[in-house]
Amino acid sequence: MPPRIALLDVQALDLERDALLARRAALPERQRLRDLAARATELDQAHARCLQERGAVNRQERDWANQVEDLAVKAQELEDKLYSGTVKATKELEALQEEVRGTRERQGEFESSQMETLEEIDRLDAEGVDNRKAREQVDTDASATRDGLARAEALIDEELGVLAGRCEHHRQDVPSTILVEYDRLRGKERLGGRAAAELAGGTCGACRVRLPVIEYNRIRNEPDDVLAHCPRCSRVLIRMQPGAGTAEEVT
Ligand SMILES: [Zn+2]
């Protein structure tokens, strides 16, 4: 195969590989995994807050329970005294009754508060259960997504392998001096991986600059292994077949 045609093939295959690598890097599963990781962090943080809150509510509930118990004991003592028959004076009995009533009332209020904290504990426990279920689902989804990513990568890698083999085959027909330069230019970011360009009708196929007639005629009559660069974009110029048609001749 003529070197110029082989280099064109190498270029085309390399661009195909670049596109595949870009596709591999941009596989939607990657974004999905990033989203799932963010969701997992969000859930874990919410769970930690929930546990912390539950601890505080739990302490509050214990506090209410102790106060309810103290008041119940106190009310019982007052009632015992009230019905013991030791207090006889009417005024004193009335005062005692009032104290029992007030103590039982406060006990009732504290019991209501305790009940509210118990309901809050139930709510936080249910939230914790929901959170852990959602977290498990995230793990399941992430696992399935990782499998999907691995499969998609394997398919692309297979294609890349085939392209690499074909590329290597065509490279054998390109003089090493040109290959070295081609590979060097492939590494230049500004060229976007396109290191070689066809020179047709005196125009660079990549940047479209038109070469001066003398320069064009000199280049196209050089032997195949002589390097030619585009004066503007510096890509390796691939001369179309000299003598392929007089239409190519620029005068
Ligand atoms: Zn150019």
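Residues numbered from 1 in each chain as written. Predicted model: local features only at pLDDT ≥ 70, side-chain atom pairs only at ≥ 80, totals over all residues. Heavy atoms only, no water.

What exactly am I supposed to notice about the coordination of the zinc ion here?
When a metal holds four donors in a tetrahedron, each ideal angle between them is 109.5 degrees; when it holds six in an octahedron, the ideal angles are 90 or 180 degrees. Each protein donor to the zinc ion is listed here as C204 (SG), C207 (SG), C230 (SG) and C233 (SG); together their distances run 2.2 to 2.3 Å. One can describe the donor arrangement at the zinc ion as tetrahedral, given that its 4 donor atoms subtend angles of 101 to 114 degrees at the metal. Site description for the zinc ion: donor spacing in sequence, C-x2-C-x22-C-x2-C. On the criterion of sequence distance, the pair formed by C207 in the loop between β2 (203-204) and α5 (213-220) and C230 in the loop between α5 and β3 (236-239) is long-range, its members being 23 residues apart. Of the two residues examined, C207 and C230, each falls in the buried class. (Donors = N, O, S within 2.8 Å, 3.2 Å for Na, K, Ca; no water. Tetrahedral: all angles 85-135°; square planar, octahedral: opposite > 155°, others 65-115°. Helix = DSSP H or I, 4+ residues; strand = E, 2+ residues; numbered from the N terminus. Buried < 20%, exposed > 50% of the residue type's maximum accessible area, 1.4 Å probe, protein only.)

Where do I start with α5 in this structure?
Quick reminder: α-helices carry 3.6 residues per turn. Residues three or four places apart thus point the same way. Considered for burial, the residues of α5 that qualify are Y216, N217, I219 and R220. Take α5 and look down its axis: the buried residues cluster within an arc of 165 degrees, on one side only. (Arc of directions from axis to C-beta.)

I keep staring at the domain arrangement of the protein and nothing clicks. Help me out?
Reports often express the size of an interface as the amount of accessible area lost when the parts come together. Split by domain assignment, the protein resolves into domain 1 (12-171) and domain 2 (175-245). The C-alpha-based centres of domain 1 and domain 2 are spaced at 65 Å. Between domain 1 and domain 2, the residue contacts involve 4 residues of the former and 7 residues of the latter. Buried surface at the junction of domain 1 and domain 2, both sides included, amounts to about 480 Å², of which 40% is carbon and sulfur. On the domain 1 side of the contact with domain 2, D14, L15 and R171 bury the most area, a combined 84% of that side's loss. At the surface where domain 1 touches domain 2, the tally comes to 3 salt bridges. Across the pair D14 and R186 runs a salt bridge, and its minimum N-O distance is 3.8 Å. Summed over the shared surface of domain 1 and domain 2, the number is 3 residue pairs in polar contact (both at pLDDT 80 or more). At 3 residues, helix α1 (residues 3-25) tops the list of elements feeding residues into the side of domain 1 that touches domain 2. Here the residues of the side of domain 1 that touches domain 2 are counted per class, giving 1 nonpolar, no polar and 3 charged. (Domains from an automatic or database assignment. Contact = heavy atoms within 4.5 Å. Buried area = accessible area lost by both parts, 1.4 Å probe. Salt bridge = Lys/Arg side-chain N within 4 Å of Asp/Glu carboxyl O. Polar contact = N/O pair within 3.5 Å; in protein donor to acceptor, adjacent residues only side chain to side chain. Nonpolar A, V, L, I, M, F, W, Y, C, P; charged D, E, K, R; others polar.)

Looking at this structure, how should I read the sheet that holds strand β1 (residues 196-200)?
Within a sheet, neighbouring strands are paired by backbone hydrogen bonds and run either parallel or antiparallel to one another. Across the sheet, which stays open at both edges, the 3 strands sit in the order β2-β1-β3 with mixed pairing between neighbours. Only two strands of the sheet have a single neighbouring strand rather than two, namely β2 and β3. Across 4 bridges, β1 lies against β3 in parallel orientation. Following the sheet pairing, A197 is matched in β3 by L237. (Pairing = 2+ DSSP bridges.)

I keep staring at the nonpolar core and nothing clicks. Help me out?
L7, V174, Y182, A196 and V236 are the most contacted members of the largest nonpolar core, which totals 28 residues. Only α1, α2 (28-83), α3 (90-171), α4 (176-186) and β3 provide two or more residues apiece to this core. At 8 residues, α3 tops the list of elements feeding residues into this core. Split by domain, this core shows at least three residues from each of two domains, domain 1 (12-171) and domain 2 (175-245). For L7, the contacting residues outside a window of four places in its chain are V174, I178, Y182, A196, V236 and I238. Ranked by size, the runner-up nonpolar core spans 12 residues in total, among them V209, Y216, A228 and C233. (Core = buried A, V, L, I, M, F, W, Y, C linked by side-chain atoms within 4.5 Å.)

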